[in-house]
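Remarks on the overall topology
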Amino acid sequence: MNVARLGLAGLLAAVTTTALLYLMHALIAANDKPPADVEENRIADIFMPERKIETRYDVEKPEKPEDPETPPPEMPEPDFDQPDLKPDALNMNAPRVKPEMNIKGVGGFSGDGEYLPIVKVQPNYPSRALSRGIEGYVIVEFTVTTNGSVRDPIVIEGMAGRNGNFSESSIFNSSALKAASKFKYKPRVVDGVAIEVPGVRNKITFAIAE
């Protein structure tokens with residue numbers, strides 16, 4: 001029994017091996033064949049006829065209009081009423097600042113060689129005082145140097161208020177000092193030599209024009 005089984009198994013193995021070898025041979029032979037011819041699709045050639053492109057500019061000149069036989073009538077000038085303007089109407093409550101010189105402790109201008117004011121700079125009216133309708137004045141004191149400039153300006157008196165009711169206030173002091181420091185004078189000359197003049201006072205008034 002064992003011998004017969006072995007023989008049958010060997011026969012089946014031989015048959016299977018032979019069949020596999022034949023199948024492999026058939027597959028290899030099929031791959032060796034050249035590919036089939038593929039039909040090519042040709043694209044028709046397109047021919048464009050040759051054409052000459054011309055650009056034409058047809059510009060017609062406009063005809064000049066004929067001059068009218070009679071000129072058009074003149075239009076009458078419109079009659080406007082002239083407004084009655086008063087100089088006072090142009091006053092928009094602008095601030096008015098007036099520097100006034102008041103000398104204390106020095107001689108007048110009668111002597112030859114005395115110092116004279118040349119430039120008086122208008123101070124800026126403080127916006128805070130202007131918006132509140134505050135007026136006033138500041139008295140500053142300073143020294144006129146040998147070249148006519150101002151040195152060491154200080155405030156002697158500062159007053160502010162409404163409707164002429166003034167009381168001591170510093171609202172105008174800074175503006176007055178800045179203006180006084182820019183004043184220019186012709187220096188005082190004694191025996192041909194310029195000398196300093198201390199104690200010069202100047203009153204600067206801040207008022208709102210009505």
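Criteria and thresholds
Here the residue numbering is sequential within each chain, running from 1 through the sequence in written order. Since the coordinates come from a predicted model, pLDDT governs what is reported: local features require at least 70, and pairs of side-chain atoms require 80 or more to be given and counted, while whole-chain, interface and lining totals use all residues. Note that water and hydrogens are dropped before the side-chain values are worked out from all heavy atoms of the structure. Under the scheme used here, helices are H or I runs from DSSP no shorter than 4 residues and strands are E runs no shorter than 2 residues, and both carry numbers assigned from the N terminus. For the exposure calls, accessible area comes from a 1.4 Å probe over protein chains only, and a residue counts as buried if that area is under 20% of its type's maximum, exposed if over 50%, partly exposed in between. Should any heavy atoms of two residues lie within 4.5 Å, those residues are considered in contact. Per-residue accessibility takes into account occlusion by the displayed protein chains alone, with areas from the Shrake-Rupley method and a 1.4 Å probe. Buriedness of a pocket was judged along seven lines, with at least five required to meet protein on both sides within 12 Å; pockets are open sets of points on a 1 Å grid over the protein atoms alone, cavities are sets where a 1.4 Å probe fits but cannot get out, and lining residues have an atom within 4 Å of a point. Grid points are joined across faces, edges and corners, and a volume is the space filled by probe spheres set on the points. Classification used: nonpolar for Ala, Val, Leu, Ile, Met, Phe, Trp, Tyr, Cys and Pro, charged for Asp, Glu, Lys and Arg, polar for all others including Gly. Read the arc as the range of directions from the helix axis to the C-beta atoms. Each reported salt bridge corresponds to a side-chain nitrogen of Lys or Arg within 4 Å of a carboxyl oxygen of Asp or Glu. Pairing of aromatic side chains requires ring centres within 6.5 Å, counting the rings of Phe and Tyr and the six-membered ring of Trp. Pairs whose planes differ by under 30 degrees are stacked, by over 60 edge-to-face, and all others tilted. Throughout this description, the term charge over a ring refers to an Arg CZ or Lys NZ atom that lies within 6 Å of the ring centre and within 35 degrees of the ring normal. Paired strands, as defined in this entry, are two strands with at least two bridges between them according to DSSP. Residues belong to one nonpolar core when they are buried, are Ala, Val, Leu, Ile, Met, Phe, Trp, Tyr or Cys, and are joined through side-chain atoms within 4.5 Å.

**A closer look at the overall build of the chain**
For the chain, the count of helices and strands is three helices and nine strands. What you see in the chain, going N to C, is helices and strands ordered as α-β-β-α-β-β-β-α-β-β-β-β. The 210 residues of the chain split such that 22% are buried. Here the analysis covers contacts within the chain between residues at least 6 apart in sequence; of these, 74% occur between residues at least 24 apart. Accessible surface, the chain: about 17900 Å² in total, of which carbon and sulfur atoms supply 55%.

**Re the layout of surface pockets**
Considered as a void within the structure, the largest pocket measures approximately 170 Å³ in volume. What lines the largest pocket is V121, Q122, P123, N124, P126, I171, S174, S175, K178, A179 and K182. Here the lining of the largest pocket is composed, by residue class, of five nonpolar, four polar and two charged.

**Describing helix 3 (residues 173–180)**
Every buried residue of helix 3 is listed here: N173, S175, A176, A179 and A180. The arc that holds every buried residue of helix 3, seen down its axis, measures 165°, which confines them to one face.

**Considering the pattern of salt bridges**
Enumeration according to the criterion identifies four salt bridges in this entry. Note that R201 is salt-bridged to E141, the shortest N-O span being 2.6 Å. With a gap of 60 residues between them, R201 in strand 9 (residues 197–208) and E141 in strand 3 (residues 135–144) connect regions that are remote in the sequence. Accessibility classification places R201 together with E141 in one group, the buried group. The salt bridge involving E196 is made with R151; its shortest N-O contact spans 2.7 Å. Taken as a pair, E196 in the loop between strand 8 (193–195) and strand 9 and R151 in strand 4 (residues 150–162) lie far apart in primary sequence, 45 residues in all. Here E196 falls in the partly exposed class, since its relative accessible area comes to 36%.

**A look at the packing of aromatic side chains**
Tallying each qualifying case throughout the model produces seven aromatic pairs. Both rings, one in Y137 and one in F166, keep their centres 6.2 Å apart while their planes meet at 65°; by these two values the pair is edge-to-face. Of the two residues, Y137 sits in strand 3 while F166 sits in strand 5 (residues 165–168), which places them 29 residues apart along the sequence. In this structure Y137 comes out as buried when scored by relative accessible area, which is 15%. Ring geometry for F142 against Y185: centres 6.0 Å apart, planes inclined by 45°, an arrangement best described as tilted. Here the residue F142 occupies a position in strand 3, and Y185 occupies one in strand 6 (residues 184–186), the gap between them amounting to 43 residues. In this structure Y185 comes out as buried when scored by relative accessible area, which is 3%. Aromatic rings pair up to connect Y115, F142, F183 and Y185 into one cluster. Over the ring of F183 we find K120; its NZ or CZ atom is 5.2 Å from the centre of that ring.

**Focus: the pairing of strand 3**
The side chains of a regular strand alternate between the sheet's two faces. Of all ten residues making up strand 3, ten are buried, and the element is well covered by its neighbours. Residue alternation in strand 3 divides its side chains into two sets, E135, Y137, I139, E141 and T143 and G136, V138, V140, F142 and V144, and both sets are buried. Bridge analysis of strand 3 against strand 4 gives nine bridges, and the strand direction is antiparallel. Each residue of the ladder has a partner; that of V144, found in strand 4, is V150. Hairpin connection of strand 3 to strand 4: five residues between the antiparallel strands, including G148 at a positive phi of 90°.

**As for the nonpolar core**
Buried together is how nonpolar side chains tend to be arranged in soluble globular proteins. F142, V144, F172, F183, Y185, V200 and F206 are the most contacted members of the largest nonpolar core, which totals 21 residues. For this core, the elements supplying multiple residues, two or more each, are strand 3, strand 4, helix 3 and strand 9. Broken down by element, this core gets its largest block of residues, five residues, from strand 9.

**Some words on the environment of I154**
Checked against the element boundaries, I154 lands in strand 4. Judged by its relative accessible area of 43%, I154 falls in the partly exposed class. Between the C-alpha atom of I154 and that of L177, which follows or precedes it by 23 residues, the distance is 7.0 Å. Setting aside residues no more than four positions away along its own chain, I154 makes contact with I139, V140, E141 and L177.

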